[in-house]
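Coordinate analysis (summary)
If you want the building blocks of each chain, they are given just below.
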Amino acid sequence: MRYAVIKNDTVENVIVAKSENKAELEKLLSAELEDASIYGLEAGDMRIDGKWTRNHAGEQITLDENATYDELLSYIEELEGLIYG
């Protein structure tokens, strides 16, 4: 399973580990581990007000469950079109 390694509400790394090792790894790493696949979490993603976000071109974009990078780029392009015409 892919786990996001979370400290201070920020994903510091993504690791692959067996689910039965999760508790031990959390203790060893002094971090929270969360299934990275639900939101496609990557290093640098942040949890703000309980929602996962990713910085893209200076904008914090809220991640939806199973959002892909391409979906996020499409959403950004849509918003830029509304803003800049």
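Preceding block: the structure.
An account of the accompanying structure is given in this report. From a predicted model like this one, the values you see are computed outputs, not experimental measurements. (Residues numbered from 1 in each chain as written. Predicted model: local features only at pLDDT ≥ 70, side-chain atom pairs only at ≥ 80, totals over all residues. Heavy atoms only, no water.)

1. Here we look at the overall build of the protein
Worth spelling out the cut-off: Only runs of H or I of at least four residues qualify as helices and only runs of E of at least two qualify as strands under DSSP, and these elements are numbered from the N terminus. For the exposure calls, accessible area comes from a 1.4 Å probe over protein chains only, and a residue counts as buried if that area is under 20% of its type's maximum, exposed if over 50%, partly exposed in between. Any two residues having at least one pair of non-hydrogen atoms within 4.5 Å are treated as being in contact. All accessibility values rest on the Shrake-Rupley procedure with a 1.4 Å probe; residue burial counts only the protein chains present in the view. Positive charge is attributed to Lys and Arg, negative charge to Asp and Glu, and no charge count is given to His or to the chain ends. The atoms used to mark charge sites are NZ of Lys, CZ of Arg, CG of Asp and CD of Glu.
Of the regular secondary structure elements, the protein holds two helices and six strands. Each helix and strand of the protein, ordered N terminal to C terminal, gives the series β-β-α-β-β-β-β-α. If you line up the protein on its principal axes, its C-alpha atoms span 50 × 20 × 15 Å. The buried share among the 85 residues of the protein stands at 27%. Summarising the internal contacts of the protein: among those between residues at least 6 apart in sequence, 42% fall at separations of at least 24. Taken as a whole, the protein presents about 5,800 Å² of accessible surface, with 48% of it coming from carbon and sulfur. Charge separation in the protein, taken as the distance between the mean sites of 8 positive and 19 negative side-chain charges, equals 10 Å.

2. Some remarks on the pairing of strand β5 (residues 51-56)
This is how the line gets drawn: Two strands qualify as a pair provided DSSP detects at least 2 bridges between them.
The sheet contact formed by strand β4 (residues 46-48) and β5 spans three bridges and is antiparallel. What sits directly across from M46, in β5, is T53. Connecting the antiparallel pair β4 and β5 is a turn made up of two residues, with D49 showing a positive phi of about 50 degrees. With four bridges joining them, β5 and strand β6 (residues 59-62) adopt antiparallel strand pairing. By the bridge assignment for β6, R54 is matched with I61. Adjacent in sequence and paired antiparallel, β5 and β6 are bridged by two residues, among which A57 carries a positive phi angle near 55 degrees.

3. Description of helix α2 (residues 69-84)
Residues separated by three or four positions in an α-helix point in the same direction, a consequence of the helix having 3.6 residues per turn. Defined as follows: Working rule for helices: expected span equals 1.5 Å times residues minus one.
If you check α2, its first and last C-alpha atoms are 22 Å apart, about what 16 residues at 1.5 Å a residue would give, namely 22 Å. Following α2 by one or two positions, G85 has its phi on the positive side, about 80 degrees.

4. With respect to the nonpolar core
Threshold: For the purposes of this section, nonpolar cores are sets of buried Ala, Val, Leu, Ile, Met, Phe, Trp, Tyr and Cys residues that join through side-chain atoms within 4.5 Å.
In this structure, A4, I6, V11, A36, Y39, L41, W52, I61, L63, L72 and I76 together form the largest nonpolar core, which totals 11 residues. Only β1 (2-7) and α2 provide two or more residues apiece to this core. Those residues in contact with A36 that lie beyond four places of it in its chain are R2, Y3, A4, V14 and L41. Listed in part, the five residues of the second largest apolar core include Y3, V5, A17 and A31.

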